[in-house]
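Report on the structure
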Amino acid sequence: DGGITQSPKYLFRKEGQNVTLSCEQNLNHDAMYWYRQDPGQGLRLIYYSQIVNDFQKGDIAEGYSVSREKKESFPLTVTSAQKNPTAFYLCASSIKWGKGGYEQYFGPGTRLTVT
Amino acid sequence: AQSVTQPDIHITVSEGASLELRCNYSYGATPYLFWYVQSPGQGLQLLLKYFSGDTLVQGIKGFEAEFKRSQSSFNLRKPSVHWSDAAEYFCAVVSGGYQKVTFGTGTKLQVIP
């Protein structure tokens, strides 16, 4: 079955450590996205990538980094510079950016807790 | 900038009753509009979308939504709610000039027997 895989489901880290969240898709989609979800705030865009080896900052990119070396993979690193990293992180993909390609498919999410 | 407002944070309905969730957007031209549903601890699933054409769109799970340009609204409806519909619902908008989808803050639906 095609879809988006995020691992792990739950992640715990100590403050000051970097942590990388995995996102893999086998939908052959060009575009991929990372969102952060906090209660009452909806989804906020962290980074997005429309094509391999290219990505852009979203609304809240500070303290995060990404890479897009393969079409199927878009890992997100939460660095120690992120002031409030505890949140639910969602990865999504779409066929492409542009007419007909705005529809996004979401992974199951990773809940990150930093103490 | 594009924006979307979901004025209801929580809504409680009885099983079998009708449902309407409100969504208002802010954008000058015709936007692309979506409704997503999220069960607790899960990702989002697309319910329906509007790009152009018929302003009443049908989605999965018996949901429908109506685009009203004059009111800048895209309200989600269901004639008879089931207990399994309890979840959080997100409205989203994208306009061609902006390279992203903007999500509303969500409406949490509770269904009581």
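Check the entry above for the structure.
A brief structural summary.

Parameters and conventions
- Residues numbered from 1 in each chain as written.
- Chains lettered and ligands numbered in written order.
- Predicted model: local features only at pLDDT ≥ 70, side-chain atom pairs only at ≥ 80, totals over all residues.
- Heavy atoms only, no water.
- Helix = DSSP H or I, 4+ residues; strand = E, 2+ residues; numbered from the N terminus.
- Rg over C-alpha atoms; globule rule 2.2 N^0.38 Å.
- Buried < 20%, exposed > 50% of the residue type's maximum accessible area, 1.4 Å probe, protein only.
- Areas by Shrake-Rupley, 256 points an atom, 1.4 Å probe, with all protein chains shown as cover.
- Lys, Arg positive; Asp, Glu negative; His and termini not counted.
- Charge placed at Lys NZ, Arg CZ, Asp CG, Glu CD.
- Core = buried A, V, L, I, M, F, W, Y, C linked by side-chain atoms within 4.5 Å.
- Contact = heavy atoms within 4.5 Å.
- Salt bridge = Lys/Arg side-chain N within 4 Å of Asp/Glu carboxyl O.
- 1 Å grid on protein atoms, 1.4 Å probe; cavity = no way out; pocket = protein on both sides within 12 Å on 5 of 7 lines; lining within 4 Å.
- Points joined across faces, edges and corners; volume = space filled by probe spheres on them.
- Nonpolar A, V, L, I, M, F, W, Y, C, P; charged D, E, K, R; others polar.
- Polar contact = N/O pair within 3.5 Å; in protein donor to acceptor, adjacent residues only side chain to side chain.
- Pairing = 2+ DSSP bridges.
- Axes fitted to C-alpha atoms, helices over the stretch in contact; angles between N-to-C directions.

1. Focus on the overall build of chain B
Across its full length, chain B carries zero helices and 12 strands. Going residue by residue from the N terminus, the α and β elements of chain B occur as β-β-β-β-β-β-β-β-β-β-β-β. Its C-alpha atoms give chain B a radius of gyration of 14 Å, within 12% of the compact-globule value 13 Å for 113 residues. For the C-alpha atoms alone, the extent of chain B along its principal axes is close to 45 × 30 × 20 Å. Taking all 113 residues of chain B together, 46% fall into the buried category. For chain B, the accessible surface area stands at approximately 5200 Å², while carbon and sulfur atoms represent 49% of it. Within chain B, the 8 negative side-chain charges are centred at a point lying 7 Å from the centre of the 9 positive side-chain charges.

2. Considering the environment of Leu45 of chain A
Residue and element names in this part refer to chain A. Within the element layout of this structure, Leu45 appears in strand β5 (residues 43–51). Relative accessible area serves as the criterion here: at 3%, Leu45 is assigned to the buried category. Separated by 13 residues in the primary sequence, Leu45 and Gly58 have C-alpha atoms spaced 5.0 Å apart.

3. A short note on the nonpolar core
If you look at the biggest cluster of nonpolar residues, it comprises 26 residues, and the most contacted ones within it are Leu19, Trp35, Leu47, Leu48, Phe74, Leu76 and Tyr89 of chain B. Ranked by residues supplied to this core, first place goes to strand β10 (residues 87–94) of chain B with four residues. Sequence-distant contacts of Leu76 of chain B, defined by excluding residues within four places in its chain, comprise Leu19, Glu20, Leu21, Trp35, Leu47, Leu48, Phe63, Glu64, Ala65 and Tyr89 of chain B. Within the second largest apolar cluster, 21 residues are counted, among which are Ala31, Leu45 and Ala92 of chain A together with Leu44 of chain B.

4. Thoughts on the pattern of salt bridges
Under the criterion given, the structure shown has eight salt bridges over all chains. The closest approach of N and O atoms between Asp38 of chain A and Arg36 of chain A, which form a salt bridge, is 2.7 Å. Accessibility expressed as a relative area gives 11% for Asp38 of chain A, which makes it buried. The buried category is assigned to Arg36 of chain A, whose relative accessible area is 4%. Notably, a salt bridge pairs Asp8 of chain B with Arg22 of chain B, separated by 2.9 Å at the nearest N-O pair. Of the two residues, Asp8 of chain B sits in the loop between β1 (3–5) and β2 (10–14) while Arg22 of chain B sits in the loop between β3 (19–21) and β4 (24–26), which places them 14 residues apart along the sequence. A cluster of three or more residues bridged by salt bridges with shared partners is formed by Arg36, Asp38 and Arg44 of chain A.

5. Describing the layout of surface pockets
Reported here for the largest pocket is a volume of approximately 430 Å³. Along its surface, the largest pocket is lined by 21 residues, and Gln37 and Pro39 of chain A together with Gln38, Glu88 and Lys108 of chain B are the ones closest to its centre. Contributing elements (two or more residues each) for the lining of the largest pocket: β9 (87–94) of chain A together with β10 of chain B. Looking at side-chain class alone, the lining of the largest pocket contains seven nonpolar, 10 polar and four charged residues.

6. Some words on the interface of chain B and chain A
Contacts between the two partners involve 21 residues from chain B and, on the opposite side, 22 residues from chain A. Among the ionic pairs, Glu103 of chain A bridges to Lys49 of chain B, the shortest N-O distance being 2.4 Å. Inspection of the chain B/chain A interface yields four residue pairs in polar contact (both at pLDDT 80 or more). Where the side of chain B that touches chain A is concerned, the elements lending two or more residues are β5 (32–38), β6 (44–50) and β10 of chain B. By residue number, the principal contributor to the side of chain B that touches chain A is β5 of chain B, which donates four residues. The class makeup of the residues in the side of chain B that touches chain A is 11 nonpolar, eight polar and two charged.

7. Let's talk about the sheet that holds strand β3 (residues 19–25) of chain A
Residues and elements named next belong to chain A. Taken together, the four strands give an open sheet; going across it, the order is β1-β3-β8-β7, and neighbouring strands pair in antiparallel fashion. For this open sheet the edge positions go to β1 (4–7) and β7 (64–66), each flanked by a neighbour on one side alone. Strand-to-strand twist of the sheet, defined as the mean angle between neighbouring strand axes without regard to direction, takes the value 20 degrees. Bridge count for β1 against β3 is four bridges, and the pairing is antiparallel. Directly across from Gln6, in β3, lies its bridge partner Cys23.

Spatial relationships are all this shows, so hold off on functional conclusions.
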